[in-house]
Amino acid sequence: PQLLNCPSPLPPSPRISTMSVDSKDEPSSVAVVVALPASIVDAHHHFVDTSQPHATFLASLCGPDTKYLPPQYLDDVRDDLKNAGIDLAGSVHMEAMPDDGSKEAAWIEEFGESSSIVKAVVGSVDLARGGEKASEDMIQLKETSPRVKGVRWILDCVGKFDGTTKTHPATKRHDGIDYLRGSDGGYEGTTVPSFEEGYARLAEHGLTFDLQCAPEQLLAAAELAKKYPDVKVVIDHLGKPRRVLGEADEDNTNIAPDEEEMKVWRAGMKAMADVPHAYVKLSMMGCAVPGWTEHPAREDVLQSIVLEIVETFGPQRCMFATNWWANAALSDNDGTYEKGPGAAELVRKVAGWLAAGGYGEEDRDRIFKGTAEEFYGIA
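Parameters at a glance
Residues numbered from 1 in each chain as written. Predicted model: local features only at pLDDT ≥ 70, side-chain atom pairs only at ≥ 80, totals over all residues. Heavy atoms only, no water. Core = buried A, V, L, I, M, F, W, Y, C linked by side-chain atoms within 4.5 Å. Buried < 20%, exposed > 50% of the residue type's maximum accessible area, 1.4 Å probe, protein only. Pairing = 2+ DSSP bridges. Helix = DSSP H or I, 4+ residues; strand = E, 2+ residues; numbered from the N terminus. Axes fitted to C-alpha atoms, helices over the stretch in contact; angles between N-to-C directions. Contact = heavy atoms within 4.5 Å. Salt bridge = Lys/Arg side-chain N within 4 Å of Asp/Glu carboxyl O. Polar contact = N/O pair within 3.5 Å; in protein donor to acceptor, adjacent residues only side chain to side chain.

On to the nonpolar core, then. Among the nonpolar cores identified, the biggest contains 97 residues, and Phe195, Phe209 and Leu211 are the most heavily contacted of them. Listed in part, the 14 residues of the second largest apolar core include Ala43, Ala120, Met319 and Ala321.

With that settled, consider the sheet that holds strand 8 (residues 233-235). Read from one edge to the other, the open sheet built from eight strands follows the order 1-4-5-6-7-8-9-10, with strand pairing classed as parallel. Both outer strands of the open sheet, strand 1 (39-45) and strand 10 (318-320), are each paired with one neighbouring strand and no more. Put simply, the sheet's adjacent strands are angled 25 degrees from each other on average, direction ignored. Pairing of strand 1 with strand 4 (residues 87-94), which is carried by five bridges, proceeds in the parallel orientation. Pairing of Val41 across the sheet is with Gly90, part of strand 4. Where helix 4 (residues 131-144) meets the sheet, it contacts strand 5 (118-124) and strand 6 (148-152), and its direction lies at approximately 140 degrees from that of strand 6. In the packing of helix 9 (residues 296-313) onto the sheet, the strands contacted are strand 8, strand 9 (278-282) and strand 10, and the crossing angle to strand 9 comes to about 160 degrees.

Moving on to the pattern of salt bridges. Tallied over the entire structure, the rule returns 23 salt bridges. The residue Arg201 makes a salt bridge to Glu132 at a minimum N-O spacing of 3.0 Å. One end of the pair, Arg201, is in the loop between helix 5 (193-200) and strand 7 (208-211); the other, Glu132, is in helix 4, and 69 residues separate them in sequence. For Asp156, the salt bridge is made with Lys240, and the minimal N-O distance between the two is 2.5 Å. Of this pair, Asp156 sits in the loop between strand 6 and helix 5 while Lys240 sits in the loop between strand 8 and helix 7 (259-273), placing them 84 residues apart in sequence. Exposure remark for Lys240: the relative accessible area of 6% places this residue in the buried category. One network of salt bridges, with partners in common, ties together Glu95, Arg152, Asp210, Asp236 and Lys281.

Okay, the side chain of Asp178 next. On the secondary structure map, Asp178 appears in the loop between strand 6 and helix 5. Exposure remark for Asp178: the relative accessible area of 0% places this residue in the buried category. Reaching out from Asp178, the side chain makes a polar contact with the side chain of Arg181 at a distance of 2.7 Å.

Take the side chain of Thr371 next. Structurally, the position occupied by Thr371 is in helix 12 (residues 361-376). A distance of 3.3 Å separates a polar side-chain atom of Thr371 from the backbone oxygen of Pro315. Excluding residues within four positions of it along the chain, Thr371 makes contact with Tyr279, Pro315, Gln316, Arg317, Cys318, Met319 and Arg366.

Listed below in structure tokens is the structure:
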């Protein structure tokens, strides 16, 4: 099931050859020695339990018995990283489409010590409820959990959800209205006024905004973000380029990214990078390039996308995240491919790409830890 959704050719990147990073093909003449970060913050992951009263919408998408709880996350992520010599210093729990954001936040608090790895919570608030109602929801959210640092409301919308486009199933909660580009059905309008009213109230409550939208919406998102410089915003999941090489099947040998998809994505990301208080998460890699862990040529394309983002935003505004929940495949690619990297493998890969791109220890540590700590105010 689709839970947390998730496309001009890119320049070739050097293939990484190192004892620290697995390589499925012969090393080229370019060898990069990769040092892994000693400590990281996982800037985006989920706990879910669709049997909970706050999770009826999520249950409608993925069934009534779907669970992924803190002990599983500690086994899958913290312990996997520890075995690779990497300390998980903290994490950011991301809302998972609850019916009530405060009730989801309260549920996380109930786990006590087992959820102590979570240093920041990004809660759910429907900003389109308007300024006053959204503000009341923010107050309640913060009163419920001292770890609440930000808000997300999923916005990916290129038309009403039918399961075949970039529109996220979360938009069924508001009948497929594109909050960023207007509700007239033509997607040429301006930000829905009630949504902007809610967005504008984030600053007075000291809350950040996690922006999950389709590439086609990034230009509108940049215009909104510019108007509210006191609201720090982070783009989720690379800006959501989608299957830029097509499906990862044995009949698809394409290694040239879809030019139109990349053009739209690149223009939006450049507009967002021009907003000084906009950041980006390096996460959910497999939605951009499913099958990248199994096919070296696909990994090369993904590496180029990641390095382009880091160059565009700078390491100071990029943060690493696993998007972990359920298993590696769903965390990486939302189930569009049967495999994904484990947490330690993902760290190794991203660290290797950064080294190949010429980024040193200071930049690497900023991306893996410092940016998330600064953005979310993690002590």
